[in-house]
Every structure is written in structure tokens, then in C-alpha cells.
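Chain residues, written in single-letter form:
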Amino acid sequence: MTARSLRPDAGQPGMLRVLCLLLAGLLLLAGCDREDAQARARAADPVPSNLPATPKSFETAKRQLLGEVYRDRRVDFYCGCRFDADKQVDAAGCGLEARSNASRATRIEIEHVFPAAQFGNFRQCWREPREFAECTTAGGRRLGGRECCEKVDPVFRAAHNDLHNLYPVVGEVNGDRQDYNWGMLAGEQRAYGRCDFEIDAGERRVEPPARIRGDIARTMLYMAQTYGFRLSDQDRKLYEAWNRQDPPDSFERERNRRIRALQGNANPFIGD
């Protein structure tokens, strides 16, 4: 029997080196797979070369909208109610009645006419935030779709903060509208007093007042054209009809000019 055979641990250092090399290789492959997944995720969501220079944050967008775009026209979009510098709504003056949330019915909030949840679903960061390393915090918390997209997706950020898509509205109506589609409803399902804003939660559909249907249509068409967000054929036909039936009024054109001065682009469906 040789001396080597009497020492069974003699080959262990070599084996450890092999195991270490295998482990390092596996970690490297995992990292490459992760990078490839992120690259594929970003490739699935192309970025247009001419994104509007929208506000850098939603807080800035809200401040500019109320302070500059609506500086001399404090009237909410959906119900036509006046509001003051503190965003308090004159409900009595417009015949607004709270449905169930009196506190939100008396304050102004900022609404995305093309809902963020709808256009967010077109983006990979909203649907699969786990695919983005930046959307997992150092403590292991995974960011939700909106947080993740605001952090990693320039298209989502620009669209989310685009002043052309933002309007001041009564808070309760904003909350009830959620992310429902625009359309026409049978009957007159009014729930807010004289405010002619009808919501069918079962159909997930909202019928706005006739006086703003064109404004909504031109906003939806603008967002689809500017950011590549898809509209169904049915919705596009509806918006084109609303666009014809309710042409831009003087304030909508002025609003368009003011937003162009702030973020550098106009809504071409409004024109001058």
C-alpha cells in the first residue's frame, strides 16, 4: 500500500477549487440570464425618439397644471364646478351632490383621461416588474407596476406626466371613474346631482357630458399617436365621432397653447 493511499484527504484542495470554479460559473450564468431578461424586457418596449419634454415628476405636473394652465379658469373638467386656490369645490354652485364620499366630493384632484393603468399595461415594467433589477429594493421589496415604470421607463414617465392628458376633476368622481373605458350608456344613471357624469361599474364604462366628449376624444387620440398606445377599432371610431360632434372651444385651444409653452408640444388634434 502506498503512502498516498493512506491519506484519503490528499485530493480535497483540488476538489474544492473545482467546486469553487463551478459555483462561480453558475453565478456568472445567472447574472447573464438576468441581464438578458432585462434586455429582452426593454427591447419589448421601444422608446420613441421624439418624446415630449413633459414634467419630470407628477407633483411638478400637478403644480404646473393648476398654477399655469388653469391659473385663471378654476373649473373642474367633469362637472363644471368652480374651485378655489385651496382646491376646494363649490358644490352648491354647480348642483354637485356627494354619492358616498363627502370629503373627496369637496376637493379637486388631477385625473388622467387616458388612465395610467391602461397605458401602463402596454409596458413590460407594469406587467412584469420582477424582470427589472432596479425594481427590487436593497431590502428585497419588489416595486409595483407604477413605481417600477416611473423608475425605469422613460415612455411611461413622459406619458404619466403629460399635461395634455391631465385635468382637474372632483375627487369623488375621479375615484369612481377608476380606469374604466369611455363610451355611451343606456338611460341616465346620474349619481352626483346635476353633474351629468354617468358610470356603470358592471360594464366598466363611463359616459361623460356631451360638452367635453370632443376634449376627451382628442386627448385619447393624442396619447395613442404620441406614445404608440393601442386603441381598439371601436374606440377609435367613437373618438373620431366625438371629435366631429364637439369641436374645440376657445379655452381648449388656449389650454393647448399654454401646455405647448410648458412642455414644447401641442395636441395636433386640437390645432390653432
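It should be emphasised that the depicted structure is a prediction, and the values quoted were computed from it without experimental measurement.

Visitor: Hey, could you run me through the overall build of the chain in this one?
Guide: A tally of regular secondary structure across the chain gives 12 helices and five strands. Every one of the 272 residues in the chain was classed for burial, and the buried ones make up 44%. For the chain, restricting intrachain contacts to residue pairs at least 6 apart in sequence, the fraction spanning at least 24 positions comes to 66%. Of the accessible surface of the chain, which amounts to about 14,400 Å², a share of 51% is contributed by carbon and sulfur atoms.

Visitor: How should the packing of helix α10 (residues 213-227) against helix α11 (residues 233-245) be read in this particular structure?
Guide: The N-to-C vectors of α10 and α11 enclose an angle of 130°; their axes lie 8 Å apart at closest approach. The orientation of α10 relative to α11 falls into the category oblique. The two elements α10 and α11 meet at a crossing, and its hand is left-handed. Contacts between α10 and α11 involve Arg 213, Gly 214, Ile 216, Ala 217, Arg 218, Met 220, Leu 221 and Ala 224 from the first element and Arg 236, Tyr 239, Trp 242 and Asn 243 from the second.

Visitor: Please clarify how the state of the cysteines should be interpreted in this entry.
Guide: One way to say it: the disulfide is the covalent bond shared by the sulfur atoms of two cysteines. Tallying each qualifying case throughout the model produces four disulfides. Disulfide pairing is shown between Cys 79 and Cys 195; the S-S distance is 2.0 Å. For the disulfide bridge between Cys 79 and Cys 195, the dihedral angle about the S-S bond is near -70°, and by the sign convention the bridge is left-handed. One end of the pair, Cys 79, is in the loop between α2 (58-69) and α3 (91-94); the other, Cys 195, is in the loop between β3 (181-182) and β4 (198-200), with 116 residues separating them in the sequence. The two residues Cys 79 and Cys 195 agree in class, both being buried. Paired by a disulfide, Cys 81 and Cys 94 hold their sulfur atoms 2.0 Å apart. Since a negative S-S torsion denotes a left-handed disulfide, the Cys 81-Cys 94 link at about 80° is right-handed.

Visitor: Can you help me understand α10 in this one?
Guide: Turn by turn, an α-helix covers 3.6 residues, leaving residues three or four places apart pointing in a common direction. In a regular helix each residue adds 1.5 Å, so 15 residues correspond to 21 Å; α10 covers 21 Å between its end C-alpha atoms and thus fits that length. Burial of α10 is extensive: 14 of the 15 residues sit out of reach of the surface. In the segment just after α10, Gly 228 is the residue with positive phi, at about 75°.

Visitor: Help me out: how do you make sense of the environment of Ala 261 in this one?
Guide: Along the chain, the position of Ala 261 falls in helix α12 (residues 250-263). Sequence separation of Ala 261 and Val 69 is 192 residues, and the distance between their C-alpha atoms is 9.9 Å.

Visitor: I would appreciate a short explanation of α11 in the present structure.
Guide: For α11, built from 13 residues, the straight-helix expectation of 18 Å at 1.5 Å per residue is met to within 8% by its first-to-last C-alpha distance of 18 Å. Listing the buried residues of α11 in full gives Asp 235, Leu 238, Tyr 239, Ala 241 and Trp 242. Around the axis of α11, the buried residues are gathered within 160° of arc, so they sit on the same side. Residues of α11 that are exposed and point over 90 degrees away from its buried face: Asp 233, Lys 237 and Arg 244. Here the buried face of α11 lies against β3 and α10.

Visitor: I'm lost on the sheet that holds β3 in this one. Help?
Guide: A sheet is described by the order of its strands in space; here three strands give the open sequence β3-β5-β4, paired in mixed fashion. Taken across any chain shown, the strands that pair with only one partner, and hence form the sheet edges, are β3 and β4. Bridge analysis of β4 against strand β5 (residues 205-207) gives three bridges, and the strand direction is antiparallel. Across the sheet, residue Glu 198 finds its bridge partner in β5, namely Glu 207.

How each quantity is defined
Residues numbered from 1 in each chain as written. Predicted model: local features only at pLDDT ≥ 70, side-chain atom pairs only at ≥ 80, totals over all residues. Heavy atoms only, no water. Helix = DSSP H or I, 4+ residues; strand = E, 2+ residues; numbered from the N terminus. Buried < 20%, exposed > 50% of the residue type's maximum accessible area, 1.4 Å probe, protein only. Contact = heavy atoms within 4.5 Å. Areas by Shrake-Rupley, 256 points an atom, 1.4 Å probe, with all protein chains shown as cover. Axes fitted to C-alpha atoms, helices over the stretch in contact; angles between N-to-C directions. Parallel < 35°, antiparallel > 145°, perpendicular 65-115°, else oblique. Left-handed = near helix turned anticlockwise from the far one by under 90°. Disulfide = S-S within 2.5 Å. Expected span 1.5 Å × (residues − 1). Arc of directions from axis to C-beta. Pairing = 2+ DSSP bridges.

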